[in-house]
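# Geometric and topological summary
As a plain string of letters, each chain reads:
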Amino acid sequence: MRKSHPVRRAVLAGAATVSGIVLLLSLKPASDPGAASAAGGAAPPAAAQSPQGGRGAGSGTVTGDAADTQYGPVQVRLTVSGGKITGAEAVQAPKGGQSDQVTADAVPKLNQAAVSAGTADIDAVSGATYTSAGYVKSLQSALDKVAAASQGQGSGSGQGSGDGTGQGSDADSGSGEEQGGGGQGTQVLTGDVAQTQYGPVQVRVTVSGGRITGAETLQAPKGGRSDQVTADAVPKLDRAAVSAGTADIDAVSGATYTSAGYKQSLQSALDRAGG
């Protein structure tokens, strides 16, 4: 029997050792994240994107429509927080000549009154009848926009609730419309135009919880003496409508025709609320 050569044994042992090391390295798990993912492992979760903060309901700035007066336009901008007026400013007001002094005196008082009252039911400033009437009209249009925005948010959340749960019954899905148009929520209702001997009269009211919370005159007699009669009568009629909560209000002395047209248009607006 042949004897194994010592050198040959050493070479064979070395080869066996190298083979073992190679085998061990091939069995080591991959540490690369991409390899783990390719093998079916879950990739590390990406950082969650934080939602953008939405503006609170009934908060922000709202600009009313410009109201034309005999001495120039008046336009009001409100700051509203939580559905309440926290600031008011006139972005337009009559200017030039005597109007500068009248505006400088009246506007700060009207701004303060709007914030204090929280509605457009504010008194005219003495010596600034036309500016006050325009201010009230623009203020009411801004409040109408706030009410409409709040109403839209409310009906949207109501629909989301019914659709999301899949259990919204016919009665539930109709509640949003009922609040918007059935007299239980906030409504802005415009009456029919009432023709009078001196011109048309048209009234718009805001109704909340079945009660009148605001009233404004969209059309009223104008030109000549009618301007003064309208400027004096309309704010009184608006306040009377809110106070009475019905169209059963007294005529303003010296404005019989305007008062009659106002009541007729007011009643038609209230009829819509009831319908």
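Residues numbered from 1 in each chain as written. Predicted model: local features only at pLDDT ≥ 70, side-chain atom pairs only at ≥ 80, totals over all residues. Heavy atoms only, no water.

### Side note on helix H6 (residues 225–244)
For H6, spanning 20 residues, the distance from its first C-alpha to its last is 28 Å, which sits close to the expected 28 Å at 1.5 Å a residue. Roughly 25° is the biggest bend found in H6, and it falls at Ala-233, with proline Pro-235 one to four residues downstream. Among all positions in H6, only Ser-226, Val-229, Thr-230, Ala-231, Ala-233, Val-234, Pro-235, Leu-237, Asp-238 and Ala-241 are buried. Where H6 terminates, the next one or two residues include Gly-245, which has phi positive at roughly 75°. (Helix = DSSP H or I, 4+ residues; strand = E, 2+ residues; numbered from the N terminus. Expected span 1.5 Å × (residues − 1). Bend = angle between axes of the 7 residues up to and from the residue. Buried < 20%, exposed > 50% of the residue type's maximum accessible area, 1.4 Å probe, protein only.)

### Observations concerning helix H3 (residues 98–117)
Taking 1.5 Å of rise per residue, the 20 residues of H3 would be expected to cover 28 Å, and the 28 Å separating its terminal C-alpha atoms lies within 8% of that figure. At Ala-106, H3 is deflected by roughly 25°, the largest bend along its length, and proline Pro-108 occurs up to four residues later in sequence. Within the span of H3, buried status applies to Ser-99, Thr-103, Ala-106, Val-107, Leu-110, Asn-111 and Ala-114. Gly-118, located one to two residues past H3, shows a positive phi value of around 75°.

### Remarks on the environment of Gln-92
Here Gln-92 lies in strand S4 (residues 84–92). Separated by eleven residues in sequence, Gln-92 and Thr-103 have C-alpha atoms that sit 9.9 Å apart. Residues contacting Gln-92, with those up to four places away along its chain left out, are Ala-66, Pro-73, Val-74 and Gln-75. At 2.8 Å, the side chain of Gln-92 and the side chain of Gln-75 are in polar contact. (Contact = heavy atoms within 4.5 Å. Polar contact = N/O pair within 3.5 Å; in protein donor to acceptor, adjacent residues only side chain to side chain.)

### Some remarks on the environment of Tyr-198
Mapped onto the fold, Tyr-198 is located in the loop between strand S6 (194–196) and strand S7 (199–208). When near neighbours in sequence (up to four residues on either side) are disregarded, Tyr-198 contacts Pro-221, Ser-226 and Tyr-257.

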